[in-house]
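# Observations on chain architecture
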Amino acid sequence: MARPSRNLDLPLLQAGLQLYPQLGSAGLSVRGVAEHAGVASGMFHHHFKSKNALLEQVLQQFYEDVFAQLSARAHEPGTPLARLGSALGLIARLLREHAAMLRRLLADLDAGQPVVVDFVRRNLPRHVGLLLGLLDEAERAGQIAPRPPLTRLSFVMGAVVAPVLVLPRIESMGVGPADMAPLIGPQVLSDAAIDMRIAMALQALQQPDAGAPTPENLP
């Protein structure tokens, strides 16, 4: 018997991508994905061995698209410092756009969902390695002061990226000050706010810290 057209893969993958941020790994089901895609449940297994096989492909395709964009920014013309700023800006904007996906990934990672744990284990080193490489290039070019690699990576990610994830979540939970909510959009999530934090972070990286620990003085 001829295998059914693989054209049905696409609506199933798209359905998985749309449903995963809402339902997570545990809540996602073959029936639910098939219904959302408008595909008969019996056809699902002609294309994917299991729900986990679908989810693995959904997450990897999503990540490959994101990483391709980031890699292009990291290797575009310009100085290492300019490329670092461009890459950080893209990461912040992508997280702003896909915040629900990232929150679900973090929740599933914390819950020990095997597909998500394996996905993060495979791909996180790629993101980290790219940013560490840009920081190292900038240091070797004399554009930033020498500092321990993970110290400066955690600094720029905390300054630029963390607010995009943390403050909207605080607002959605209703635990932040009432007068803070209307300021999150313009002062945290807007392109102008992101670019301002990047400029501040890059400027700080360029300043030597008098009396601060040097890479040689840290483990």
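Since we're looking at a predicted model, the values are computed, not measured.

A separate point is the pattern of salt bridges. Pairing of side chains with opposite charge becomes possible as their charged atoms draw close. The final tally for this structure, using the stated rule, is eight salt bridges. A salt bridge links D191 to R96, with the shortest nitrogen-to-oxygen separation between them at 3.0 Å. Here the residue D191 occupies a position in helix α10 (residues 191-206), and R96 occupies one in helix α5 (residues 80-97), the gap between them amounting to 95 residues. For D191, a relative accessible area of 37% corresponds to the partly exposed category. Overall, R96 belongs to the partly exposed group, its relative accessible area being 31%. Notably, a salt bridge pairs E139 with R152, separated by 2.5 Å at the nearest N-O pair. Here E139 is found in helix α7 (residues 114-140), whereas its partner R152 is found in helix α8 (residues 149-173), with 13 residues between them in sequence. Residue R152 is classed as buried on the basis of its relative accessible area, which comes to 4%. The network of salt bridges with shared partners includes R93, R96, D191 and D195.

Here the focus is the packing of helix α1 (residues 9-27) against helix α4 (residues 51-74). Closest axis-to-axis distance for the α1/α4 pair is 9 Å, and the angle between their directions is 100 degrees. Put simply, α1 runs roughly perpendicular to α4. Contact residues: α1 offers L12, L13, G16, L17, Y20, S25 and A26, while α4 offers K51, L54, L55, Q57, V58, L59, Q61 and F62. The residue makeup of the contact of α1 with α4, split by class, is ten nonpolar, four polar and one charged.

All right, on to the nonpolar core then. Core analysis: the largest hydrophobic core is formed by 51 residues, its most contacted members being V33, L59, L84 and L131. For this core, the elements supplying multiple residues, two or more each, are α1, α2 (30-37), α4, α5, α6 (99-110), α7, α8 and α10. Of the residues forming this core, the biggest block, ten residues, is contributed by α4. Setting aside residues up to four positions removed in sequence, L131 forms contacts with L84, A87, L88, I91, L153 and M157.

What follows covers the packing of aromatic side chains. Throughout the structure, instances matching the rule amount to three aromatic pairs. One aromatic cluster is present, built from ring pairs that chain together Y63, F67 and F119. If you follow R126 out to its NZ or CZ, it ends over the ring of F67, 4.4 Å from the centre.

Conventions used here
Residues numbered from 1 in each chain as written. Predicted model: local features only at pLDDT ≥ 70, side-chain atom pairs only at ≥ 80, totals over all residues. Heavy atoms only, no water. Salt bridge = Lys/Arg side-chain N within 4 Å of Asp/Glu carboxyl O. Helix = DSSP H or I, 4+ residues; strand = E, 2+ residues; numbered from the N terminus. Buried < 20%, exposed > 50% of the residue type's maximum accessible area, 1.4 Å probe, protein only. Axes fitted to C-alpha atoms, helices over the stretch in contact; angles between N-to-C directions. Parallel < 35°, antiparallel > 145°, perpendicular 65-115°, else oblique. Contact = heavy atoms within 4.5 Å. Nonpolar A, V, L, I, M, F, W, Y, C, P; charged D, E, K, R; others polar. Core = buried A, V, L, I, M, F, W, Y, C linked by side-chain atoms within 4.5 Å. Phe/Tyr/Trp six-rings, centres within 6.5 Å; stacked < 30°, edge-to-face > 60°. Lys NZ or Arg CZ within 6 Å of the ring centre and 35° of its normal.

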